[in-house]
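Structural characterization, general
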Amino acid sequence: MVVGFGGRATETETSVPFPNLAFISTTRKYMAEIAHLMRPEIADLEAYTPIVPLDVLAARLGLPIEQLIKLDANENPYGPAPQALAALAGEPHYAIYPDPESGQLRQRLAEYTGQPTARVVCGAGADELIDLLLRIFIAPGDMVIDCPPTFGMYAFDTGVCGGRVLTVPRRADFSLDLAGIEAAAERGAKLLFLTSPNNPTGNLTPLDEIERLLKLPLLVVVDEAYIEFAAHAGAPSVGAWVGRYANLAVLRTFSKWAGLAGLRVGYGLLPELVAEQVWKIKQPYNVNLAAQAAAIASLDNRAYLIQNVARIVAERERLFAALQTIDYLHPYPSQANFVLCRVLRGEAATIKNELARQGILVRYYRTSLLHDCLRISVGRPEQNAALLCALQEMV
Ligand SMILES: *Cc1c(COP(=O)(O)O)cnc(C)c1O
């Protein structure tokens, strides 16, 4: 409660009500004058650990950037389509603000997804759409269902809105605890995030489970950031279901399959009523001109990009089989562009650090569910070979 701190925050050393801001009262007393004005749910948030930029990391390791093998963020090892790079270089209107409605891109996405443009909304990455959806539905105290281990942004953005996360952990095989989710929904949760294929576990959510969860009185957000890597193997998306269910939203991105992570462009397939609210609250120029041009060129050159997706999928299967032969690792089957491994002997953190020393970056999690796991993004064949070689030498 902020009551009792009003206007007098500098009176004592302990008057700042938020533990994370305690330093303010001792080091910069005058700032405590405004600490009590802040939203308590923001001031109480844990500080975010930013990713170390590649050049800084290379300098730290004493290696040239080109020598780093970056398998820690599920980026596309083949990069953007050449036509996307050409579109970026050839775009004549960078001095002009971009189309706030991303009209051309949404038109192409409508053709690509089979949904009407009214249900397509673009964002600065799928991340922005997660944030916008939460802002539409979640006021302080409202509840969101999260099913870890999964993508961290759902819980993070819920915290920014002052919402409460109802955690329904996945089972040992990473399938959803459907009864647990239904019980959480009964407590009045407004949103449920499902990731399919899931990050970082790589498994798909079966369609009949999504269908069952769509009966709940909440918005079901299915994050299909990696669907192209599963669709390649014939797994169907639920994109076509948007509109048929009033409470289904689907998120997609150009970051992974199209190699545009650095440009920040994603999209949502949303029921019209939800899409209308996004239009009211989004920043007008959220998707920049470069991102729109590159995304359109990517859709126009899908055949090229899907070839790379096929390469990544084939390489994923080879990597998975090779990881199975390393006796201190247990890799989980994946439908995405990464493989999660449990470390059966030794410390996952130690392995991660040892790989990093050799310029090979993989993802390590400090969370209780994943502290003994590593997530390895699928790289180019020679990158995966180098990783496997380093892992085999570590006994
Ligand atoms: C990478 C990722 C995203 C983020 O996509 P952007 O478009 O880059 O913001 C969203 N969801 C999941 C599950 C992801 O892994």
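Here the structure is a predicted model, which is why all the values come from computation and not from measurement.

The rules behind these values
Residues numbered from 1 in each chain as written. Predicted model: local features only at pLDDT ≥ 70, side-chain atom pairs only at ≥ 80, totals over all residues. Heavy atoms only, no water. Pairing = 2+ DSSP bridges. Helix = DSSP H or I, 4+ residues; strand = E, 2+ residues; numbered from the N terminus. Right-handed = clockwise from strand over helix to strand, strands pointing away. Near = heavy atom within 4 Å. Polar contact = N/O pair within 3.5 Å; in protein donor to acceptor, adjacent residues only side chain to side chain. Areas by Shrake-Rupley, 256 points an atom, 1.4 Å probe, with all protein chains shown as cover. Nonpolar A, V, L, I, M, F, W, Y, C, P; charged D, E, K, R; others polar. Domains from an automatic or database assignment. Contact = heavy atoms within 4.5 Å. Buried area = accessible area lost by both parts, 1.4 Å probe. Salt bridge = Lys/Arg side-chain N within 4 Å of Asp/Glu carboxyl O. Buried < 20%, exposed > 50% of the residue type's maximum accessible area, 1.4 Å probe, protein only.

Focus on the pairing of strand β4 (residues 164–167)
Judged from the 4 bridges that link them, strand β3 (residues 143–146) and β4 form a sheet pairing that is parallel. When the bridges of β4 are listed, methionine 143 appears paired with arginine 164. Of the crossover connections in this fold, the one passing from β3 over helix α8 (residues 153–160) to the parallel β4 is right-handed.

Structural notes on the site of the ligand
Surveying the vicinity of the ligand reveals 14 residues, the closest of which are Asp223, Tyr226, Thr253, Ser255 and Lys256. One of the backbone nitrogen or oxygen atoms of aspartate 127 is found 2.9 Å away from an oxygen atom of the ligand. Lysine 256 has a polar side-chain atom sitting 3.2 Å from an oxygen atom of the ligand. About the coverage of the ligand: the protein hides 94% of its 390 Å² of free accessible area. In terms of residue count, the dominant contributor to the shell around the ligand is helix α7 (residues 125–137) (3 residues). Partitioning the shell around the ligand into residue classes produces 5 nonpolar, 5 polar and 4 charged.

Considerations on the domain arrangement of the protein
Domain annotation of the protein identifies domain 1 (51–78 + 304–393) and domain 2 (93–301). On a C-alpha basis, the centres of domain 1 and domain 2 stand 26 Å from each other. With 25 residues of domain 1 at the contact, the number on the domain 2 side is 23 residues. In total, domain 1 and domain 2 occlude about 1,900 Å² of area from one another, counting both sides; carbon and sulfur atoms represent 69% of this. Of all residues in domain 1, the largest losses of buried area upon contact with domain 2 belong to Leu305, Val309 and Gln335, amounting jointly to 29% of the total for that side. On the surface where domain 1 and domain 2 come into contact, there are 0 salt bridges. Counting residues per element, the ones that place at least two in the side of domain 1 that touches domain 2 are α14 (302–324) and β10 (338–343). Of all the elements, α14 adds the most residues to the side of domain 1 that touches domain 2, at 8 residues.

What about the pattern of salt bridges?
In a structure, side chains of opposite charge can pair up when their charged atoms sit close to one another. The final tally for this structure, using the stated rule, is 16 salt bridges. Close ionic contact of arginine 135 with aspartate 131 constitutes a salt bridge, the shortest N to O distance being 2.9 Å. A residue pair is termed a helical-turn pair when its members lie 3 or 4 positions apart in one helix, as arginine 135 and aspartate 131 do in helix α7 at 4 residues. A relative accessible area of 14% places aspartate 131 in the buried class. For aspartate 327, the salt bridge goes to arginine 345, with nearest N and O atoms at 3.0 Å.

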